[in-house]
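Each chain is listed here by its residues.
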Amino acid sequence: MPNYHAWLDEVRPSPYADQLNLGFRWLRFSRGLEREYRTYIIEESFDLKRIALSVATVIWLALAALDMLVVPASHLGWVLAVRVVVLLILLVCAALILQRRHIHLLLPLSMTCILVLGVGAALIVGIAHRADPAYPYEGLLLVSMAAYFLVGLRLSEAIACSLVVLLAYVLAEWFAGLPVPRLINNVLFLAFGNLIGAVGCYLLEYKSREYFLISRLMRLLAYHDSLTGLHNRRSFNRQFERLLRQAQRDGKPLALLLCDIDHFKAYNDCYGHQAGDMALQRVGALLEQAARRPLDMGVRLGGEEFALLLFDIGADEALQRAEALRQSLEAAGIAHRGSDSAQVLTMSIGVACLSPGTPTELSQLFEQADRALYEAKAFGRNRVAT
Ligand SMILES: Nc1nc2c(ncn2[C@@H]2O[C@H](COP(=O)(O)OP(=O)(O)OP(=O)(O)O)[C@@H](O)[C@H]2O)c(=O)[nH]1
C-alpha cells in the first residue's frame, strides 16, 4: 500500500515512525514491535471475543432448533449429539476466556472455538446430507466470516482456521457420498466466500496495525519534547505521581535535580538560535545518559530548564550525581564567549530529596529544588546547591 505519511519526515526517529515509513504490506512489523502489537491486539479484542462467543452460542442454539424441523428423525440424534458436544466445548472455552486471568490462552481458545464450530458444522452437514442432500451447507461460511471479522484473529490465523474448516467439509461430504460435481460447486462457493473474507480481513488488519503505530507515535509525541527527545513537563507531572506512590509503597527515597543552563540568552545572542537548539540537544543527551536506570527520568521542562528525577537514591548520592552532570556539560567544552561564569556552556543545579515516609506533593519538592537552584545561580552559577 502507498505510504501517505509524509509528515513523518518532521518527527524524531522512533520505532513506530520507522515502521510507518517502512510499510507493512505483509502484515508484519519488526520483531519487537510485532510482539507489542500482538499483546495489544489480544487486549483490544477481548470485548469483541465476548460478544462473538455470545452471538455464536445463540446462533448455534437457533440452528439446533431448526435441525429439529428439517433433519429426518433417523439422523437427528447424531446431529443433536454433535451440537451438544460443540456447545459444551464452547461453554468451557467461554468460561476460561471470561475469567481473563488466562490472557495468554486467549488466542488458542478463540481459535479452538472457531475450529470446533467449523468442524462441528461440517460434521452436521455430512450427517444430514446422508439423509437429505438439500440440507443447507452455507452455514459453514458464517463460521469463516466469524473467523475473519468477529473474533479479532489476525489474517494468517483466520485463514488457517478457515482452511481446516473447508477440509473438514470436504471430508464430511466425501463420507456423505455427495456427487463430485455438487461437491466442486459447493467447495468453490465456500472458497470464494473465504476469498472475500480474507480480503476484508487484510484491509481491517492493515488499518488496525496502522492505528496501533499512529496512536503509539502520538502518545510518544504528546509526552516527549520534540527537540531533545526527553520527557516533557506533561509526562513529568503524570509520572511523578506514579513514582511517588511507588517510592512510598517500597520505602525508597527520591531526588529531584532542577537544571538551568547559565547565560543561555547570551549564548543565543552570540551564536544564533539554531546553535542554541543544538546546544539544548547536547544537554538533553547528557540528561538522557544521567537517567540511566529504568525508573529515572530526564525531562525538558521548557526553554533551557531541565529536570532529572532519580528513584531510590539517598541525598549524598543525589549530590554526587548532580555534580557529575554539571561536570559533564563543562567537559563537553561547548564554547560560550558571552558567559560571565566560564568560557564554556555550563549549568546550575538545585537538588531536593525526599526520604521514605515523608508525605510530599510535587509542588513542595519542586519549590525546594527551585530554591536550591536560585541559590546556585546567586552564588555565581555553574554549581550545585541543595
Ligand atoms: N535556541 C533556543 N533558545 C531557547 C529555546 N527556548 C528558550 N530559549 C531561550 O533561552 C533563553 C533563556 O533566557 P533567560 O531565561 O534570560 O536565562 P539565561 O540567559 O540562561 O540566564 P540565567 O538562567 O540567569 O543564567 C531565552 O533567550 C530564550 O529565547 C529553544 O528552544 N531554543
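- Named according to an unreviewed UniProt entry, the protein chain is diguanylate cyclase originating from Ectopseudomonas guguanensis.
- You can read under Catalytic activity (unreviewed entry) in the UniProt record for the protein chain the words "2 GTP = 3',3'-c-di-GMP + 2 diphosphate".
- For the protein chain, the Cofactor (unreviewed entry) comment in UniProt is given as "Mg(2+)".

**As for the packing of aromatic side chains**
Link 1 in the chain: As enumerated under the stated definition, the model contains 16 aromatic pairs in all.
Link 2 in the chain: Centre to centre, the rings of Phe 29 and Phe 212 are 6.0 Å apart; their planes meet at 15°, and the pair counts as stacked. Of this pair, Phe 29 sits in the loop between α1 (15-22) and α2 (31-44) while Phe 212 sits in helix α8 (residues 180-223); the two residues are 183 residues apart in sequence, bridging distant segments of the chain. The burial state of Phe 29 is the same as that of Phe 212; both residues are buried.
Link 3 in the chain: With centroids separated by 5.8 Å and ring planes inclined at 5°, the aromatic side chains of Phe 264 and Tyr 267 adopt a geometry described as stacked. Taken as a pair, Phe 264 and Tyr 267 lie in helix α10 (residues 264-271) at a separation of three residues, close to a single helical turn. In this pair, the class of Phe 264 matches that of Tyr 267, namely buried.
Link 4 in the chain: An aromatic cluster is present here, built from Tyr 16, Phe 24, Phe 29, Tyr 37, Tyr 40, Tyr 202, Tyr 206 and Phe 212 joined pairwise through their rings.
Link 5 in the chain: Taking NZ or CZ as reference, Arg 83 lies 4.4 Å from the ring centre of Trp 60, over its face.
Link 6 in the chain: Directly above the ring of Tyr 271 sits Arg 337, whose terminal nitrogen or CZ lies 4.8 Å from the centroid.

**Describing a nonpolar patch on the surface**
Link 1 in the chain: A grouping of Ile 51, Val 55, Ile 59, Leu 63, Leu 66, Leu 69, Val 70, Leu 142 and Leu 150 is seen on the molecular surface, where their side chains present a nonpolar patch of about 780 Å² in accessible area.
Link 2 in the chain: Breaking the nonpolar patch down by element, the ones donating at least two residues are α3 (46-70) and α6 (139-150).
Link 3 in the chain: Its location among the elements puts Val 70 in helix α3.

**Some points on the domain arrangement of the protein chain**
Link 1 in the chain: Considered domain by domain, the protein chain is made up of domain 1 (6-219) and domain 2 (233-385).
Link 2 in the chain: Put simply, the middle of domain 1 and the middle of domain 2, counted by C-alpha atoms, are 54 Å apart.

**Here we look at the UniProt feature "transmembrane region" (unreviewed entry) in the protein chain**
Link 1 in the chain: The positions that UniProt labels "transmembrane region" (unreviewed entry) are, in the present scheme, residues 51-70, 76-98, 105-128, 158-177 and 183-204.
Link 2 in the chain: In this annotation, residues 158-177 is assigned 95% helix and 0% strand; the end-to-end C-alpha distance for the span is 29 Å.
Link 3 in the chain: Between the end C-alpha atoms of residues 183-204 there is a gap of 31 Å, over a span that is 100% helix and 0% strand.

**Concerning the site of the ligand**
Link 1 in the chain: Near the ligand, the surroundings consist of 16 residues, among which His 263, Phe 264, Asn 268, Asp 277 and Arg 381 are the closest.
Link 2 in the chain: Interatomic distance of 2.9 Å between a side-chain N/O atom of Arg 300 and an oxygen atom of the ligand.
Link 3 in the chain: For the ligand, the protein covers 66% of the area, taking 670 Å² as the surface of the free molecule.
Link 4 in the chain: Of all elements in the fold, only β1 (254-261), α10 and α11 (273-290) reach the threshold of two or more residues within the shell around the ligand.

How each quantity is defined
Residues numbered from 1 in each chain as written. Predicted model: local features only at pLDDT ≥ 70, side-chain atom pairs only at ≥ 80, totals over all residues. Heavy atoms only, no water. UniProt positions renumbered as here; feature names shortened; annotations may be inferred. Phe/Tyr/Trp six-rings, centres within 6.5 Å; stacked < 30°, edge-to-face > 60°. Helix = DSSP H or I, 4+ residues; strand = E, 2+ residues; numbered from the N terminus. Buried < 20%, exposed > 50% of the residue type's maximum accessible area, 1.4 Å probe, protein only. Lys NZ or Arg CZ within 6 Å of the ring centre and 35° of its normal. Patch = residues over 30% accessible without salt bridge, like charges linked within 9 Å, V, L, I, M, F, W, Y side chains within 5 Å. Areas by Shrake-Rupley, 256 points an atom, 1.4 Å probe, with all protein chains shown as cover. Salt bridge = Lys/Arg side-chain N within 4 Å of Asp/Glu carboxyl O. Domains from an automatic or database assignment. Near = heavy atom within 4 Å. Polar contact = N/O pair within 3.5 Å; in protein donor to acceptor, adjacent residues only side chain to side chain.

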